[in-house]
Amino acid sequence: MARLNLWRWGVYGLAGLYFLVPLAASIVFTVDVPGQGLTFDAYTRIFSTDGFVTSLLLSLELALATIVIVLLLMVPATVALRLGSPRLRPVVEVVCQLPLVVPPIALVAGIITVLKWGPEHLSHTPLFQTFVAIQNPDFPVILVLAYVVMALPFVHRALDAGLRAVDVRTLVEAARSCGASWPQALVRAVLPNLRGALLNSSFLTLALVLGEFTVAQLLGFQPFAVWIVNVSGSQAQLSVAVSVLSLLVTWVLLLVLAGFGGRARTTSRG
């Protein structure tokens, strides 16, 4: 038993070094300026740098829209599979896992082809304005649609794991016997028991949108990840400081999510 614990702590230690050493090196790079010593100027300049606030707000807006759309699509679909169409589960699983197989560059190539085809063939129809509107740089809806597809594998797995731990059929039947409609049964009986799965899905989608670079860059938009790369060309220390700060914020959100989910499970048991 003592030997097993030794191996366990050894693995934990190696994993900690693997993650913490690069992070510590990045922090040292941002605060240690040759000839000046320790300075936090890179961090104080973040909020005053051109494009920081606008790109971060754009990414947060894209993340919020993506979370809402993907949950509106996947929650009813996964619940319906549990209740009435279990034979379709393999089909849905394959479809939801496709974004893991198709590389982002191929997804972008398809999106660009469609965006080029639309104006050429629909220039004299009302749909032409739709193609223009979804590419608005202030809020590119086309990015939201791409992120929804990319988030499907993570959201599906999180929701499926949450539904496995809940007797959905019993909850829905109890709600229906009390006079609730199908939407009311879903909102009032099922969703409260999926709070942890919904939070996990939302966090994974948020992390995906904040860190996604390839699709946004190739489509010509500048959310937060693209802004970091563009800044790194002229202000390497500032870009590393932004990356460290965003990583720390992500960790804080993960800890808050874990604490909130644990509190919800404790409350439900009590």
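In case you missed it, the structure is sitting above this.
The following paragraphs examine the structure supplied in this document.

Rules used in this analysis
Residues numbered from 1 in each chain as written. Predicted model: local features only at pLDDT ≥ 70, side-chain atom pairs only at ≥ 80, totals over all residues. Heavy atoms only, no water. Helix = DSSP H or I, 4+ residues; strand = E, 2+ residues; numbered from the N terminus. Buried < 20%, exposed > 50% of the residue type's maximum accessible area, 1.4 Å probe, protein only. Contact = heavy atoms within 4.5 Å. Areas by Shrake-Rupley, 256 points an atom, 1.4 Å probe, with all protein chains shown as cover. Salt bridge = Lys/Arg side-chain N within 4 Å of Asp/Glu carboxyl O. Arc of directions from axis to C-beta. Phe/Tyr/Trp six-rings, centres within 6.5 Å; stacked < 30°, edge-to-face > 60°.

Some points on the overall build of the protein chain
Then, in step 1: Counting its secondary structure elements, the protein chain contains 13 helices and 2 strands.
Then, in step 2: Each principal axis of the C-alpha distribution contributes one length, and for the protein chain these read about 75 × 75 × 30 Å.
Then, in step 3: Considering the protein chain as a whole, with its 270 residues, one finds that 34% of them fall into the buried category.
Then, in step 4: Long-range pairs, those at least 24 residues apart, make up 75% of the contacts in the protein chain between residues at least 6 apart in sequence.
Then, in step 5: Entry remark: accessible area of the protein chain is about 16,300 Å², with carbon and sulfur atoms responsible for 69%.

Remarks on the pattern of salt bridges
One side chain can pair with another of opposite charge once the charged atoms of both are near each other.
Then, in step 1: Throughout the structure, instances matching the rule amount to 5 salt bridges.
Then, in step 2: Between Glu93 and Arg89 there is a salt bridge, and its shortest N-O distance comes to 3.6 Å. Of the two residues, Glu93 and Arg89 are both situated in helix α4 (residues 89-101); the distance of 4 residues between them amounts to about one turn of the helix.
Then, in step 3: Asp160 serves as the salt-bridge partner of Arg89, at 3.4 Å between the closest nitrogen and oxygen. Here Arg89, found in helix α4, pairs with Asp160, found in helix α7 (residues 141-164); they are 71 residues apart in sequence, far enough to count as distant.
Then, in step 4: By relative accessible area, Asp160 is classed as buried at 9%.

Examining helix α9 (residues 182-190)
Then, in step 1: Within the sequence span of α9, burial applies to Ala185, Ala189 and Val190. The arc enclosing the buried residues of α9, seen along the axis, measures out at 75°, which places them on a common side. The outward face of α9, more than 90 degrees from its buried face, is lined by the exposed residues Pro183 and Arg188.
Then, in step 2: Against the buried residues of α9 lie α3 (52-83) and α8 (168-177).

Remarks on the environment of Val102
Then, in step 1: Looking at the secondary structure, you find Val102 in the loop between α4 and α5 (104-121).
Then, in step 2: By relative accessible area, Val102 is classed as partly exposed at 40%.
Then, in step 3: As a C-alpha pair, Val102 and Leu122 span 20 residues in sequence and 28 Å in three-dimensional space.

Section: the packing of aromatic side chains
Then, in step 1: The tally for this structure, following the rule as stated, stands at 6 aromatic pairs.
Then, in step 2: Seen from their ring centres, Trp9 and Tyr12 are 5.8 Å apart, and the 85° between their planes marks the pair as edge-to-face. Highlighted residues: Trp9 and Tyr12, both in helix α1 (residues 2-31), separated by 3 residues, approximately one helical turn. Assigned by exposure class, Trp9 and Tyr12 land together as exposed.
Then, in step 3: Aromatic side chains Phe52 and Phe224 sit 5.9 Å apart centroid to centroid with 70° between the ring planes, which places their arrangement in the edge-to-face category. Highlighted residues: Phe52 in helix α3 and Phe224 in helix α12 (residues 224-232), separated in sequence by 172 residues.
Then, in step 4: Phe52 gets classed as buried once you look at its relative accessible area, which sits at 5%.
Then, in step 5: One aromatic cluster is present, formed by Phe47, Phe52, Phe224 and Trp227 through successive ring pairs.

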